[in-house]
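# A look at the structure
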Amino acid sequence: MKKSADVVVIGGGVIGNSITYHLAKKGLKVILLEKDDLASGSSGACDIDIILQSKNPGIHLQLAIESAKMYKPLAEELGSEIEYEACGGMILIENDEQMNIMRDFARRQKEVGLSVKLLDLKEALEIQPGLSPHLLGATYSPDDAHVNPMKLCFAFAKASKKLGAEIMLNAPVLDIKLEKNKVRSIITPKGEIETDTVVNAAGVYAPFIGELVGISLPIKPRRGQIVVTEPVPKLVMHDVLCAKYIVAKYNPKILEESNDPATRLGVGLSLSQTHDGQILIGATREFVGYDKRTTHEALKAVLKNATRLVPALKNIHTIRSFAGLRPYTSDGLPLLGPIEDIKGFFVAAGHEGDGIALSPVTGRIVADLITEGKTFIDVSKLSPERFGSLKKNENEVI
């Protein structure tokens, strides 16, 4: 049976669900398509952090700050508990080189509007006990927070349905029909959906959707492995990263050229504690295709690094581990906006590890672009075509 919609959103993670919600708020008839279940991809295999400090000064941090503003009233707006907490966050510093890098990083972040300061070790220990005495200090921002990604995803979906959106699960996209380079319909196993606008929010699988319209999107999966502990009394007072992890995020070539196995795995500290007391310990940054398996080598390296930086973790039992795939782009920024040569085809993917943090503002931006052709911030630097032509065989981008 044929259906019709003003917009079809492809992808049932937090990005796709946020876009669906914001479009439905504007009164559009929206259908969201998900090949499996909601939050069954990266949104259900990640940590809980909303870290502003990890964002590069410029458009990346500006987006994160705007998204943080939207998070504060979001649970009430959506009418669901999402376990949002503005707990603050810190980035641990081990040596003089990292100190110089983070001092400059923090200075430039302040210029954009982030509340962040540099702490010595004594000051860091006052707000986060259990740190290693070899640390020089940390940067700290009260603006960092965390949220339950799966509850967030389902909260967006629930609110979208109340506004009239339809969510179709187990509905992979088989084809996208074009007519004179304009979107005309979407083909699924459950039938055809007539529409003139589609949003590719399929995360690491966005390139496969791009291929259906003859384009090659510069996104590739980057695996992250995380260990989960037993529930324990409050230990992680703030979300904790390390400066080495920031380097790994933005400089993959440094990892590839290292002789240290842990460095090549992109191991760095990412530490947070859930509402029920479990501690999430991560993580790695690995290019291994679409392999979502955990490995003994990586998990051992993650735990060794974590207990080295935070010795208070040593006597806590781990109970499970998991891995997820981040949608990576070479400049660390998402692909956000229309494809010029295909009228009605939009991309909202490539957020890497920032999808949770940027989901509210991404939904708003894409809804604005579709309904008004512009948004409140200049997003030209996020154009999917900023690396060159996306047409297949014209430019090798993956």
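Below: a short report on this structure.

Analysis parameters
Residues numbered from 1 in each chain as written. Predicted model: local features only at pLDDT ≥ 70, side-chain atom pairs only at ≥ 80, totals over all residues. Heavy atoms only, no water. Helix = DSSP H or I, 4+ residues; strand = E, 2+ residues; numbered from the N terminus. Buried < 20%, exposed > 50% of the residue type's maximum accessible area, 1.4 Å probe, protein only. Pairing = 2+ DSSP bridges. Salt bridge = Lys/Arg side-chain N within 4 Å of Asp/Glu carboxyl O. Patch = residues over 30% accessible without salt bridge, like charges linked within 9 Å, V, L, I, M, F, W, Y side chains within 5 Å. Areas by Shrake-Rupley, 256 points an atom, 1.4 Å probe, with all protein chains shown as cover. Lys, Arg positive; Asp, Glu negative; His and termini not counted. Charge placed at Lys NZ, Arg CZ, Asp CG, Glu CD. Expected span 1.5 Å × (residues − 1). Axes fitted to C-alpha atoms, helices over the stretch in contact; angles between N-to-C directions. Contact = heavy atoms within 4.5 Å. Core = buried A, V, L, I, M, F, W, Y, C linked by side-chain atoms within 4.5 Å.

Moving on, we get to unusual backbone geometry. For the peptide bond that leads from Gly-282 to Ala-283, omega is -5°, which places it in the cis range. Looking at where Ala-283 falls in the secondary structure, it is placed in the loop between strand E17 (279-282) and helix H11 (296-309). The backbone of Ala-39 sits at a positive phi, close to 60°, despite the residue not being glycine. Inspection of the secondary structure assignment puts Ala-39 in the loop between strand E3 (30-33) and strand E4 (49-50). For Lys-180, which is not glycine, the phi dihedral falls at a positive 55°. As for its placement among the helices and strands, Lys-180 is situated in the loop between strand E10 (175-178) and strand E11 (183-188). With a relative accessible area of 78%, Lys-180 lands in the exposed category.

Right, let's get into the pairing of E17. The side-chain alternation of E17 yields two buried faces, one formed by Ile-279 and Ile-281 and the other by Leu-280 and Gly-282. Note that strand E14 (residues 220-229) and E17 share 3 bridges and pair antiparallel. Across the sheet, the residue bridging to Ile-226 is Gly-282, located in E17. Strand direction decides the pairing type here: strand E16 (residues 270-273) and E17, joined by 4 bridges, are antiparallel.

A separate point is the pattern of salt bridges. Should the charged atoms of two oppositely charged side chains come close, the side chains can pair. With the rule as written, the count across this model stands at 22 salt bridges. Between Lys-177 and Glu-192 there is a salt bridge, with its nearest N and O atoms 3.9 Å apart. Here Lys-177 is found in strand E10, whereas its partner Glu-192 is found in strand E12 (residues 191-194), with 15 residues between them in sequence. Assessed through its relative accessible area of 40%, Lys-177 is described here as partly exposed. Among the salt bridges present, the one from Arg-386 reaches Asp-331, with a minimum N-O distance of 2.7 Å. Separated by 55 residues along the polypeptide, Arg-386 in the segment after helix H12 (355-372) and Asp-331 in the loop between strand E18 (318-328) and strand E19 (335-338) bring together distant segments of the chain. On the basis of relative accessibility, which here comes to 24%, the residue Arg-386 falls in the partly exposed class. For Asp-331, a relative accessible area of 30% puts it in the partly exposed group. Among the ionic contacts, a cluster of salt bridges with common partners joins Lys-2, Lys-177, Glu-192 and Glu-194.

On the surface, Lys-180, Lys-182, Arg-184 and Lys-343 cluster together to form a positively charged patch. If you trace the backbone, Arg-184 turns up in strand E11. Given the relative accessible area of 34%, Arg-184 is considered partly exposed.

Attention now moves to helix H2 (residues 59-71). Its 13 residues give H2 an end-to-end C-alpha distance of 18 Å, which sits within 8% of 18 Å, the value for a rise of 1.5 Å per residue. Where burial is concerned, most of H2 is hidden: 10 out of the 13 residues are buried. Within H2 the residues assigned to the buried category are Ile-59, His-60, Leu-61, Leu-63, Ala-64, Ile-65, Ser-67, Ala-68, Met-70 and Tyr-71.

Each strand in a sheet pairs with its neighbour through backbone hydrogen bonds, running either in the same direction (parallel) or in the opposite one (antiparallel). Spatial strand order, E1-E12-E11-E10: 4 strands in an open sheet with mixed pairing. The open sheet has two edge strands with one neighbour each: strand E1 (3-4) and E10. Looking at chain direction, E1 and E12 are connected through 2 bridges and run parallel. Looking across to E12, one finds that Ser-4 is bridged to Glu-194.

Let us now look at the pairing of E19. Both E19 and strand E20 (residues 345-349) contribute to a ladder of 4 bridges, which runs antiparallel. The residue of E20 that forms the bridge with Leu-335 is Ala-349. Linking E19 back to E20 in an antiparallel pair, the connection comprises 6 residues, with Gly-344 at a positive phi of about 95°.

Attention shifts here to the sheet that holds strand E9 (residues 166-168). Taken in spatial order, the 6 strands make up an open sheet running E9-E3-E2-E13-E20-E19, and their pairing is mixed. Both edges of this open sheet fall to E9 and E19, since each of them pairs with a single strand only. Averaged over all pairs of adjacent strands, the angle between their axes in this sheet comes to 20°, without regard to strand direction. Sheet contacts for helix H1 (residues 14-25): strand E2 (7-10), E3, E9, strand E13 (198-200) and E20; angle to E3, the most-contacted strand, approximately 170°.

Within the largest apolar cluster, 57 residues are counted, with the highest numbers of intra-cluster contacts made by Val-9, Ile-19, Leu-23, Leu-152 and Val-199. Listing elements by their share of this core, those giving two or more residues are E2, H1, E3, H2, helix H3 (74-78), helix H6 (149-162), E20 and H12. Among residues more than four places away in sequence, those in contact with Val-199 are Val-7, Val-8, Val-9, Ile-10, Ile-19, Phe-346, Ala-348, Val-366 and Ile-370.

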